Amino acid sequence: MRKSVNYIRLEFPSRSSNEGFARMAAACFASQMDPTLNEVEDIKTAVSEAVTNAIVHAYPDSIGKISLKAKICEGNILEISIKDTGKGIPNIDKARQPMFTTGGEGRSGMGFTIMESFMDALTVHSTPGRGTTVTMRKKIASRANGQR
Amino acid sequence: MDIKMQTADRNLLLELSGELDHHAAKNAIRELELAVDAALPRRLLLDFGGVTFMDSSGIALLLRAKRCMDALDGSMQVCHVQPQAKRVMDAAGIGRLIHIKQEGTV
């Protein structure tokens, strides 16, 4: 476990109108790490995917709670966790496969692929009926030794 | 998300602007389907010049557009894709299915 330098914790209902807020909040928090524009876009994209997954898959027929925790760790590493207490994922390996989706016409099945591609590390913990936590890490290159 | 539409000689141009996430894509996909149904185009050009942010919901929109145009035996292209959206398209490998060009007019 890396030592945390700073963190935020947010909680919001699983309404799609909160997707923009969640990714902007994560990007604003990360701005103190002095990321490049590409790194900010990577963070926004990955958070958008994780929050959308929670909205679409964790709570398909209801509104539930989503919590977002963003943490700056030693070594200028950003760690973001998106947690829900929804349906859970019965088969994580299958869910992470490109083009696999249970979300119907409006989804592409590329969410996890994009999270993996835009962040350095991705872990998924899920218990059917209890919920899912997606944790992503990214080293922010621009201030490798910097902390504020 | 705002979509402007132009048709000429069975060419349909849709100019998308704003953020294309799951929240916006729900309506955008519906608007796209209605526009294609109304115009029955031979060629569809999606101008992404105004798309300031896109996630995999944009990939779903592109795949939907491709299916609509395949059903009409027509073609489609995507143009003026901004760097963030391009990186999402590249990560999803959409360039293998859909022609993405940098300059384009109907």
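Owing to the predicted nature of the structure, the values given are computational and were not obtained by experimental measurement. (Residues numbered from 1 in each chain as written. Chains lettered and ligands numbered in written order. Predicted model: local features only at pLDDT ≥ 70, side-chain atom pairs only at ≥ 80, totals over all residues.)

K.L.:
Quick one: what's the story with the overall build of chain A, residue by residue and with numbers?
P.N.:
Across its full length, chain A holds 4 helices and 5 strands. Starting at the N terminus and walking to the C terminus, you meet the elements of chain A as β-α-α-β-β-α-α-β-β. Against the compact-globule benchmark of 15 Å for 148 residues, chain A has a radius of gyration of 15 Å, which places it among compact chains. Reported as C-alpha extents along the three principal axes, the dimensions of chain A are approximately 45 × 30 × 30 Å. By the burial criterion, 41% of the 148 residues in chain A qualify as buried. (Helix = DSSP H or I, 4+ residues; strand = E, 2+ residues; numbered from the N terminus. Rg over C-alpha atoms; globule rule 2.2 N^0.38 Å. Buried ≥ 20, exposed ≤ 12 C-beta atoms within 10 Å, placed from the backbone.)

K.L.:
I'd like a description of the confidence of the model for chain B, backed by residues and values.
P.N.:
Mean pLDDT over chain B stands at 94; residues scoring 70 or higher make up 95%. Across the interfaces of the predicted complex, the ipTM metric reaches 0.91, alongside a pTM of 0.92. (pLDDT = per-residue confidence, 0-100.)

K.L.:
How would you explain the pairing of strand β2 (residues 65–73) of chain A if you had to name every residue and give the values?
P.N.:
Residue and element names in this part refer to chain A. In this sheet, β2 lies alongside strand β1 (residues 4–13) in antiparallel orientation, the contact comprising 9 bridges. Across the sheet, Y7 pairs through a bridge with K71, a residue of β2. Summarising the sheet, β2 and strand β3 (residues 77–84) pair through 8 bridges and their orientation is antiparallel. Looking at the pairing, A70 lines up with I80 of β3. Connecting the antiparallel pair β2 and β3 is a turn made up of 3 residues, with G75 showing a positive phi of about 90°. (Pairing = 2+ DSSP bridges.)

K.L.:
Mind laying out the sheet that holds strand β4 (residues 121–127) of chain A, listing which residues take part and the relevant values?
P.N.:
Residues and elements named next belong to chain A. Taken in spatial order, the 5 strands of this open sheet run β1-β2-β3-β5-β4, and their pairing is antiparallel. Whereas interior strands pair on both sides, the edge strands pair on one side only; in this sheet they are β1 and β4. Geometrically, the sheet is characterised by an average inter-axis angle of 10° between neighbouring strands, direction not taken into account. Each of β1, β2 and β3 is contacted by helix α1 (residues 19–30), which is oriented at about 15° to β2, the strand it contacts most. (Axes fitted to C-alpha atoms, helices over the stretch in contact; angles between N-to-C directions. Contact = placed C-beta atoms within 7 Å.)

K.L.:
An account of the sheet that holds strand β1 (residues 2–8) of chain B is needed here, citing residue identities and associated values.
P.N.:
All names here are of chain B. Spatial ordering of the open sheet is given by β1-β2-β3-β4-β5, a layout of 5 strands whose pairing is mixed. Pairing within the sheet leaves two strands with one partner each, and these edge strands are β1 and β5 (99–101). Each neighbouring strand pair of the sheet contributes to a mean axis angle of 20°, computed without reference to strand direction. Pairing analysis gives 3 bridges linking strand β4 (residues 75–79) to β5, with the strands arranged parallel. By the bridge assignment for β5, V78 is matched with I100. Its contacts with the sheet place helix α1 (residues 22–39) against β1, β2 (11–20) and β3 (43–54), and it is angled at close to 175° to β2.

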